[in-house]
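Residue-level structure breakdown
Single-letter residue listing:
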Amino acid sequence: MTKILLAEDENSVRSFLTRALQRAGYDVVSCPDGDSAIEALDQGPYDLLLTDIVMPGADGIEVAKVASQRQPGLKIMFITGFAAVALNAQKASPEAKVLEKPVHLREIVTEVERLIAA
């Protein structure tokens, strides 16, 4: 089963994403912030890191850097509500997919499916 590490500080968004991805057949480890996501890397390996960018503690870009060092080749998808932050994320991880909020759950699941299949 495909394993996803999800880092999202908004409880309702994290809950909706977790349920949608689990319904789509993914094993999801969800974390409320970047620091706990970095700790959860020990529960890997993961097929995908799906992370918000702006979070308390370690931000999503830092989580992605640490995750990529620990698990080279890990696929990464960022979600953010800030356009300028999206540009910085794209520069930091050019191979990553960046989705801007608001984003529909179906769109996230579709993009996750595409990225994992790539």
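The shown structure was predicted, so the numbers you read here are calculated from the model rather than taken from an experiment.

Description of the side chain of Lys3
Relative to the helices and strands, Lys3 resides in strand S1 (residues 3-7). Here Lys3 sits buried without a salt bridge, and the closest side chain of opposite charge, Asp27, lies 4.7 Å off (N-O distance). Ignoring sequence-local partners within four residues, the contact set of Lys3 consists of Asp27, Val29, Gln43, Gly44, Pro45, Tyr46, Asp47 and Leu48.

Focus on the pattern of salt bridges
Evaluation of the coordinates by the stated rule reveals 7 salt bridges. A salt bridge links Asp52 to Lys101; the nearest nitrogen and oxygen atoms lie 3.3 Å apart. Taken together, the residues span a long stretch of sequence, with Asp52 in strand S3 (residues 48-52) and Lys101 in the loop between strand S5 (97-100) and helix H5 (105-117) at a distance of 49 residues. With a shortest N-O distance of 2.8 Å, Glu111 and Arg114 are connected by a salt bridge. Taken together, the residues span about one helical turn, with Glu111 and Arg114 both in helix H5 at a distance of 3 residues. Of the residues examined, Glu111 reaches a relative accessible area of 12% and is grouped as buried. One salt-bridge network, in which partners are shared between bridges, spans Glu8, Glu10, Asp52 and Lys101.

Comments concerning the nonpolar core
As a rule of thumb, nonpolar side chains are buried together in soluble globular proteins. Membership of the largest hydrophobic core comes to 23 residues, with the highest contact counts inside it found for Leu5, Tyr46, Leu49, Val63 and Phe78. A total of 5 residues in this core trace back to one element, the largest contributor, which is helix H3 (residues 60-70). Listed in part, the 16 residues of the second largest apolar core include Val28, Leu48, Val109 and Val112.

Quick notes on the sheet that holds S5
The 5 strands lie next to each other as S2-S1-S3-S4-S5, forming an open sheet whose pairing is parallel. With partners counted over all chains shown, the strands left at the sheet margins are strand S2 (27-31) and S5, one partner each. Strand after strand, the sheet turns through a mean of 15° between neighbouring axes, direction not considered. Pairing of strand S4 (residues 75-80) with S5, which is carried by 4 bridges, proceeds in the parallel orientation. Along S5, the bridge assignment pairs Phe78 with Val98. Relative to the sheet, helix H1 (residues 11-23) contacts S1, S2, S3 and S4, its axis offset from that of S2 by approximately 170°. Along the sheet, H5 makes contact with S1, S3, S4 and S5, crossing S4 at roughly 160°.

Thoughts on the packing of aromatic side chains
Going through the model one piece at a time under the given rule, you end up with 0 aromatic pairs. The cationic tip of Lys3 hangs over the ring face of Tyr46; the distance from NZ or CZ to the ring centre is 5.1 Å.

Here's the deal with the UniProt feature "modified residue: 4-aspartylphosphate" (unreviewed entry) in the chain
Mapped onto this structure's residue numbering, the UniProt feature "modified residue: 4-aspartylphosphate" (unreviewed entry) falls at Asp52. Looking at Asp52, the relative accessible area reads 4%, which means it is buried. Ignoring anything within four residues of it in the chain, the contact list for Asp52 reads Ala7, Glu8, Asp9, Gly60, Ile79, Thr80 and Lys101.

What counts, and at which threshold
Residues numbered from 1 in each chain as written. Predicted model: local features only at pLDDT ≥ 70, side-chain atom pairs only at ≥ 80, totals over all residues. Heavy atoms only, no water. Helix = DSSP H or I, 4+ residues; strand = E, 2+ residues; numbered from the N terminus. Buried < 20%, exposed > 50% of the residue type's maximum accessible area, 1.4 Å probe, protein only. Lys, Arg positive; Asp, Glu negative; His and termini not counted. Salt bridge = Lys/Arg side-chain N within 4 Å of Asp/Glu carboxyl O. Contact = heavy atoms within 4.5 Å. Core = buried A, V, L, I, M, F, W, Y, C linked by side-chain atoms within 4.5 Å. Pairing = 2+ DSSP bridges. Axes fitted to C-alpha atoms, helices over the stretch in contact; angles between N-to-C directions. Phe/Tyr/Trp six-rings, centres within 6.5 Å; stacked < 30°, edge-to-face > 60°. Lys NZ or Arg CZ within 6 Å of the ring centre and 35° of its normal. UniProt positions renumbered as here; feature names shortened; annotations may be inferred.

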